[in-house]
Amino acid sequence: MTTDFTVRPARPADARPLAEMRWMFKQEDHEGQPPAPARPLEEAEHWIHDRLSDGHWHAWAVETGGEICGHVFLCLVESVPDPYTANTPVGYATNFYVTPSQRNKGAGSAPLEALKQHSRSSGFDTLIVWPSERSSPLWQRSGFQPPEELLELPLDT
């Protein structure tokens, strides 16, 4: 396993390469030739810049050779105050990606560790993720397990 990479908090200035990787990540979901994007890359760049600037979202970047080769994002989901329990937030982990050349070298598990450490030290109650079929084994190796209590209603009908 190669460990010639670093993991660091992503900054608003990283928005462009993170957006480019988001586009690569989503294009991998298509077999063969992916369709042309339906929206411009700049939309994702601005969204990422704004979310990392306001502090409601966090992200970790994996770098090797001065280039970002992976990332994971975390959104704070606040709990409604409760008179009997702590008002601890839940973290929604998403947009996890490592470039194909850096997979199976630890560049995936390292940002997940950073995400978990941050979440524990910030007092989060739980971390949730909707993994892809391909990423599910890595999430599970990192300690994520299927929930006992979760319901989902897809609203795209």
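On a predicted model such as this, the values are computed, not experimentally measured, just so you know.

Within the secondary structure layout, serine 119 lies in helix H3 (residues 109-121). Judged by relative accessible area, which is 3%, serine 119 ranks as buried. At a separation of 2.9 Å, a polar atom in the side chain of serine 119 contacts the main-chain carbonyl oxygen of leucine 115. With near-sequence residues (within four places) excluded, serine 119 lies in contact with Leu74, Phe124 and Leu127.

With that out of the way, let us pick up the pattern of salt bridges. Within this structure, the stated rule accounts for nine salt bridges. In this structure, the salt-bridge partner of glutamate 20 is arginine 16, at a minimum N-O distance of 3.2 Å. Here the residue glutamate 20 and the residue arginine 16 both occupy positions in helix H1 (residues 15-27), the gap between them amounting to four residues, near one helical turn. Take glutamate 20: its relative accessible area is 37%, and that puts it in the partly exposed class. For arginine 16, a relative accessible area of 31% translates into the label partly exposed. In this structure, arginine 16 and glutamate 42 form a salt bridge, with 3.2 Å as the shortest nitrogen-oxygen distance. Remark: glutamate 42 occurs in helix H2 (residues 41-54) and arginine 16 occurs in helix H1; sequence separation between them is 26 residues. Here the residues in one salt-bridge network are Arg16, Glu20, Glu42 and Glu45, joined through shared partners.

With that settled, the discussion passes to the packing of aromatic side chains. Where two aromatic rings form a pair, the distance of their centres and the angle of their planes describe that pair. Under the counting rule described, the total for this entry stands at six aromatic pairs. Measuring from centroid to centroid gives 5.2 Å for tryptophan 47 and tryptophan 57, while their planes differ by 70°, and the two rings are edge-to-face. Pair noted here: tryptophan 47 is in helix H2 and tryptophan 57 is in strand E2 (residues 57-64), with a separation of 10 residues, a long-range link. Judged by relative accessible area, which is 33%, tryptophan 47 ranks as partly exposed.

Calculation notes
- Residues numbered from 1 in each chain as written.
- Predicted model: local features only at pLDDT ≥ 70, side-chain atom pairs only at ≥ 80, totals over all residues.
- Heavy atoms only, no water.
- Helix = DSSP H or I, 4+ residues; strand = E, 2+ residues; numbered from the N terminus.
- Buried < 20%, exposed > 50% of the residue type's maximum accessible area, 1.4 Å probe, protein only.
- Polar contact = N/O pair within 3.5 Å; in protein donor to acceptor, adjacent residues only side chain to side chain.
- Contact = heavy atoms within 4.5 Å.
- Salt bridge = Lys/Arg side-chain N within 4 Å of Asp/Glu carboxyl O.
- Phe/Tyr/Trp six-rings, centres within 6.5 Å; stacked < 30°, edge-to-face > 60°.

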